[in-house]
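# Notes for the structure review
Take a look at the letters that make up each chain.
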Protein chains: 2
Amino acid sequence: MGKGYCVGVDLGGTNIKAGLLDDQARILCSFSVPTEVDKGNEVVVNNIVGAAERAIREAGVPRDEVVGIGIGSPGPLSHRQGMIINPGNLPSLKNTPIRRIMTERTGIRCTLENDANAAAWGEYWAGAGKGVTDLVMFTLGTGVGGGAIVNGRLIRGYFENGAELGHIIVNPGGRRCSCGQLGCVEAYSSAYFLARHAEDLIKAGQPSVLKQRMDAGQMLMAEHIVEAAKAGDEVANKVWHDACYYLAVATVTMQHVTNPERVVMAGGLIAAGDFLLEPIRRHFRELTWELLDDFPDIRFATLGNDAGFIGAAGCAWAAHETGDW
Amino acid sequence: MGKGYCVGVDLGGTNIKAGLLDDQARILCSFSVPTEVDKGNEVVVNNIVGAAERAIREAGVPRDEVVGIGIGSPGPLSHRQGMIINPGNLPSLKNTPIRRIMTERTGIRCTLENDANAAAWGEYWAGAGKGVTDLVMFTLGTGVGGGAIVNGRLIRGYFENGAELGHIIVNPGGRRCSCGQLGCVEAYSSAYFLARHAEDLIKAGQPSVLKQRMDAGQMLMAEHIVEAAKAGDEVANKVWHDACYYLAVATVTMQHVTNPERVVMAGGLIAAGDFLLEPIRRHFRELTWELLDDFPDIRFATLGNDAGFIGAAGCAWAAHETGDW
């Protein structure tokens with residue numbers, strides 16, 4: 001395939017991040033604009049189209065060299081139909097055939113991908129997964145998101161809900177997840193749920209330095225847990241242990257399912273640095289088999305919040321190369 | 001692609017099953033010959049080559065219309081290198097470049113696939129997975145094997161140990177598996193380990209009708225557990241419950257990882273019929289989320305012991321069509 005450019009758009013509940021990249025994943029321009037989700041479908045769609053047009057204009061590249069626009073959006077959505085279905089934090093985009101609209105309004109081909117897949121593709125194309133053909137990514141944010149690339153292709157699944165890795169069951173009958181299941185890795189290892197775990201232990205009477213924050217009516221956050229765990233607080237240490245341990249369990253499961261060369265941890269929680277990565281790696285080695293030496297390299301993502309729009313642009317590249325829009 | 005024929009060869013520790021199939025998965029001939037694993041590498045390799053040649057001869061098709069030979073073998077092996085590495089029950093085939101040897105000896109292209117993947121491909125091509133693009137198979141035999149097809153392609157993995165679904169961890173810290181891990185689905189749901197589970201409970205003092213068999217020095221088998229569970233024996237019921245429950249846990253995990261349309265259960269244990277399938281389906285519905293209605297159809301395999309050579313022939317077809325030998 002010849003050279004060219006792709007636009008990447010990352011839809012969020014608050015902001016739209018967008019940029020224009022070349023075929024080597026070099027960013028020619030990028031910016032963020034408000035989504036204005038409360039202003040209704042037409043305004044939000046105009047903001048998306050506007051962001052794509054602005055990226056092309058700001059980068060100053062010839063329009064006919066822009067081969068595609070990639071959009072990463074919260075799900076549920078259908079890549080096959082190019083349709084945003086019913087994202088919780090973007091209600092005004094319910095049932096929006098965004099791929100068709102974008103192509104009609106811009107004259108440029110468009111592909112739609114769920115945001116977790118797009119971010120995984122971003123790391124695969126331009127970040128911590130560069131040079132790898134088989135990659136797994138866990139995104140540790142409010143929830144636990146996931147993406148899996150097998151032999152250079154995203155797992156999307158028959159129902160288009162593939163790689164919902166946060167809902168791997170790591171402790172059957174365990175803590176309740178937002179999805180309704182018991183014992184999902186998300187219920188232990190997401191920033192939101194690990195803080196709820198600490199609150200539950202403290203409410204059950206376990207002593208903790210975190211209690212004074214709760215008594216003051218403040219919500220516990222993941223960073224409070226990290227801080228308290230580092231200071232030796234038992235509740236915080238238990239909760240943090242479980243977060244790292246169950247992530248390692250899910251990583252062993254992915255080792256045996258897609259057998260990746262590399263597993264990338266992304267999302268807000270990786271700010272904890274070695275305090276997170278070291279125990280994940282240690283638990284992984286304790287938990288995994290000794291039958292074969294097929295251990296993935298576990299490391300942190302490198303693109304931060306830019307993974308979404310970079311990956312969306314990368315998805316457009318992949319669509320351009322495979323013909324699968 | 002035009003019409004043609006493929007040979008499928010399924011290597012086992014005792015017998016080699018082989019057959020010739022056309023492009024519609026119709027079996028023109030099939031048979032079984034002794035592997036003679038104790039007679040050394042040269043004899044076993046001759047038996048494999050001989051089985052392929054016999055299949056072509058017996059089917060009576062023009063040799064130049066045979067487009068490929070597929071071999072399913074116990075692992076570890078390398079599909080990419082066409083090399084059998086170190087299968088436990090086929091020691092005389094250690095480090096055998098079987099793909100190259102077959103092609104040199106027969107003049108026909110050859111592809112090598114691990115036996116669990118080949119069997120899954122067999123069900124996908126000609127059995128319980130026909131018409132589906134995204135399939136997961138669990139093979140419930142002495143161990144728990146697996147295969148996963150995503151968008152019409154087998155998951156092989158970077159280290160070529162993909163879809164080792166028996167080693168999904170369903171109960172961290174639980175029973176010891178043959179692979180060294182604790183709490184694998186194989187440690188609960190394989191014919192071998194569910195019988196060991198019953199023995200352990202009885203040795204620990206739990207009363208059971210199965211004790212007299214143990215006292216007589218006989219080994220418990222999965223069929224004894226099924227029989228006793230049906231008769232209301234508590235130990236047998238506990239063990240059988242765990243086998244079905246943890247299979248359902250692994251199925252929920254696969255629902256969220258590869259998001260298949262269908263999940264096929266295969267292997268000797270499916271002789272238990274609805275006594276196995278009904279609780280797996282029930283536990284699955286109890287365990288899975290209610291967020292989205294993306295539930296796979298869970299059903300039994302239909303090809304029995306023929307899945308291996310049929311799937312091996314199917315792998316040769318797929319290699320012929322994709323060029324990936």
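Residues numbered from 1 in each chain as written. Chains lettered and ligands numbered in written order. Predicted model: local features only at pLDDT ≥ 70, side-chain atom pairs only at ≥ 80, totals over all residues.

For chain A, the count of helices and strands is ten helices and twelve strands. Taken along the three principal axes of its C-alpha coordinates, chain A extends 65 × 50 × 35 Å. Residue burial in chain A is summarised as follows: out of 325 residues, 54% are buried. Within chain A, counting contacts between residues at least 6 apart in sequence, those at least 24 apart form 63% of the total. (Helix = DSSP H or I, 4+ residues; strand = E, 2+ residues; numbered from the N terminus. Buried ≥ 20, exposed ≤ 12 C-beta atoms within 10 Å, placed from the backbone. Contact = placed C-beta atoms within 7 Å.)

Aligned on chain B, chain A shows an RMSD of 0.0 Å; the corresponding rotation is 180° and the shift along the axis is 0.0 Å. In short, the pair behaves as if placed about a two-fold rotation axis. The fraction of interface residues of chain A whose copies in chain B are also interface residues reaches 100%, indicating that both copies meet through the same surface. (Least-squares fit on C-alpha atoms with pLDDT ≥ 70 in both.)

So, about the sheet that holds strand β11 (residues 262-266) of chain A. Residues and elements named next belong to chain A. Strands sit in the order β10-β9-β8-β11-β12 across an open sheet of five strands; the sheet is mixed. Whereas interior strands pair on both sides, the edge strands pair on one side only; in this sheet they are β10 (153-154) and β12 (297-300). Of the strand pairs in this sheet, strand β8 (residues 135-140) and strand β9 (residues 144-150) are connected by six bridges, and their pairing is antiparallel. Each residue of the ladder has a partner; that of Phe-138, found in β9, is Gly-146. Relative to the sheet, helix α3 (residues 115-126) contacts β8, β9, β10 and β11, its axis offset from that of β9 by approximately 55°. (Pairing = 2+ DSSP bridges. Axes fitted to C-alpha atoms, helices over the stretch in contact; angles between N-to-C directions.)

In this structure, Val-7, Val-9 and Ile-225 of chain A together with Val-7, Val-9 and Ile-225 of chain B are the most contacted members of the largest nonpolar core, which totals 214 residues. Among all residues touching Val-9 of chain A, those that are not within four sequence positions of it are Ile-16, Ala-18, Ile-48, Ala-51, Ala-52, Ile-69, Gly-70, Ile-71, Phe-309 and Ala-312 of chain A. (Core = buried A, V, L, I, M, F, W, Y, C linked by C-beta atoms within 7 Å.)

Glancing now at the pairing of strand β2 (residues 15-22) of chain B. Residue and element names in this part refer to chain B. A large share of β2 lies buried, amounting to six of its eight residues. Hairpin connection from strand β1 (residues 5-11) to β2: three residues lie between these consecutive antiparallel strands. Bridge count between β2 and strand β3 (residues 27-34): seven bridges; the pairing is antiparallel. What sits directly across from Leu-20, in β3, is Cys-29. From the end of β2 to the start of β3, which pair antiparallel, there are four residues, and Ala-25 there has a positive phi angle of about 65°.

Across the junction of Gly-75 of chain A and Pro-76 of chain A, the peptide omega takes the value -5°, indicating a cis bond. Inspection of the secondary structure puts Pro-76 of chain A in the loop between β4 (66-73) and β5 (77-78). The residue Glu-160 of chain A is not glycine, and still its phi comes out positive at about 60°. Summarising the element assignment, Glu-160 of chain A is placed in the loop between β10 and α4 (186-189). One non-glycine residue with positive phi stands out, namely Asn-259 of chain B, at about 55°. Positionally, Asn-259 of chain B belongs in the loop between α8 (234-257) and β11 (262-266).

A few words now on the packing of helix α1 (residues 41-59) of chain B against helix α2 (residues 98-106) of chain B. Residues and elements named next belong to chain B. Between α1 and α2, the shortest axis-to-axis distance is 11 Å and the interhelical angle comes to 55°. The angle between the axes of α1 and α2 places the two elements in the oblique class. Where α1 crosses over α2, the two elements pack in a sense that is right-handed. Residue-level contacts link Val-45, Val-49, Ala-52 and Glu-53 of α1 to Ile-101, Met-102, Arg-105 and Thr-106 of α2. Counted by class, the contact of α1 with α2 contains five nonpolar, one polar and two charged residues. (Parallel < 35°, antiparallel > 145°, perpendicular 65-115°, else oblique. Left-handed = near helix turned anticlockwise from the far one by under 90°. Nonpolar A, V, L, I, M, F, W, Y, C, P; charged D, E, K, R; others polar.)

The subject of this paragraph is the interface of chain A and chain B. In this assembly, 39 residues from chain A lie in contact with 39 residues from chain B. Secondary structure elements with two or more residues in the side of chain A that touches chain B: β9 and α8 (234-257) of chain A. The element that contributes the greatest number of residues to the side of chain A that touches chain B is α8 of chain A, accounting for five residues. Its residues assigned to classes, the side of chain A that touches chain B shows 21 nonpolar, 13 polar and five charged.

Below, the discussion takes up the domain arrangement of chain A. Residue and element names in this part refer to chain A. The domain boundaries assigned to chain A delineate domain 1 (5-124 + 305-322) and domain 2 (130-302). Taking only C-alpha atoms into account, the centre of domain 1 sits 28 Å from that of domain 2. Contacts between domain 1 and domain 2 engage eleven residues on the former and 15 residues on the latter. Residues that form the side of domain 1 that touches domain 2 fall into these classes: six nonpolar, three polar and two charged. (Domains from an automatic or database assignment.)

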